[in-house]
Amino acid sequence: MRDPFKNPFPETDPARQQIWEMLVTRDIEAFLAADWGMVEDDFIAEGFIGTSGNKAVDPDDWTLAFPTLADYRDEWLKQAKDFAGIAFAEDPKTAIHATTVLEEIDIRGDVALVRKKFDGGLKKADGGFDAMQWQTLYYCRLQD
């Protein structure tokens, strides 16, 4: 069984290790704290765009949801604050880590395509279930 808190990339692959730390460890911590400041320096505002898959498999159904980093930040903060208002029957940090899989990072020069997958969810205190079933694609650039 995989340890969801353990970075799967070896020390001999520092680029992938750092990307994993940024997009898994730091992103989850920031989201749970609803603290954009913890991740804001991980983004390059110039040229930023974000799409939404709209929970659809067909790319024809995807939309340009975030034409700017500010748009993405605002939605990220809204979702983080909404999430913080939910009572869970399990530790959210552990459950999100267990649901998150980031094992595919394609690096070419100073650019990386990262696939972060969510497969699972969290048990709510009221007996419900908050499903996490999607994939996020990140386009990363080495800067400074």
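First things first, this report covers the structure right here in the doc.

About the thresholds
- Residues numbered from 1 in each chain as written.
- Predicted model: local features only at pLDDT ≥ 70, side-chain atom pairs only at ≥ 80, totals over all residues.
- Heavy atoms only, no water.
- Helix = DSSP H or I, 4+ residues; strand = E, 2+ residues; numbered from the N terminus.
- Buried < 20%, exposed > 50% of the residue type's maximum accessible area, 1.4 Å probe, protein only.
- Contact = heavy atoms within 4.5 Å.
- Polar contact = N/O pair within 3.5 Å; in protein donor to acceptor, adjacent residues only side chain to side chain.
- Phe/Tyr/Trp six-rings, centres within 6.5 Å; stacked < 30°, edge-to-face > 60°.
- Core = buried A, V, L, I, M, F, W, Y, C linked by side-chain atoms within 4.5 Å.

1. Here's the deal with the side chain of T99
At step 1: Note that T99 resides in helix α3 (residues 92–99).
At step 2: Of the residues examined, T99 reaches a relative accessible area of 4% and is grouped as buried.
At step 3: With near-sequence residues (within four places) excluded, T99 lies in contact with R2, K117, F118, D119, G120, G121 and M132.

2. Topic: the side chain of D27
At step 1: Residue placement: D27 occurs in helix α1 (residues 14–33).
At step 2: Within the structure, D27 has its side chain in polar contact with the side chain of K116 (distance 2.8 Å).
At step 3: Other than its neighbours up to four places away in sequence, D27 contacts M22, V39, W76, K116 and Y138.

3. Describing the packing of aromatic side chains
Note on aromatic pairs: each is described by the distance of the centres and the angle between the planes.
At step 1: Evaluation of the coordinates by the stated rule reveals 11 aromatic pairs.
At step 2: With 5.9 Å between their ring centres and 80° between their planes, F31 and W76 make a pair best called edge-to-face. With F31 in helix α1 and W76 in helix α2 (residues 69–84), this pair connects stretches of sequence that are 45 residues apart.
At step 3: Of the residues examined, F31 reaches a relative accessible area of 17% and is grouped as buried.
At step 4: Summarising the aromatic geometry, the rings of F31 and F83 are spaced 5.4 Å apart at their centres and angled 55° between planes, so their arrangement reads as tilted.

4. Comments concerning the nonpolar core
At step 1: L23, W36, Y72, W76, L102 and V114 are the most contacted members of the largest nonpolar core, which totals 32 residues.
At step 2: Of all elements in the fold, only α1, α2, α3, β3 (100–108), β4 (111–123) and β5 (129–141) reach the threshold of two or more residues within this core.
At step 3: When residues of this core are assigned to their parent elements, the largest contribution, 8 residues, is made by α1.

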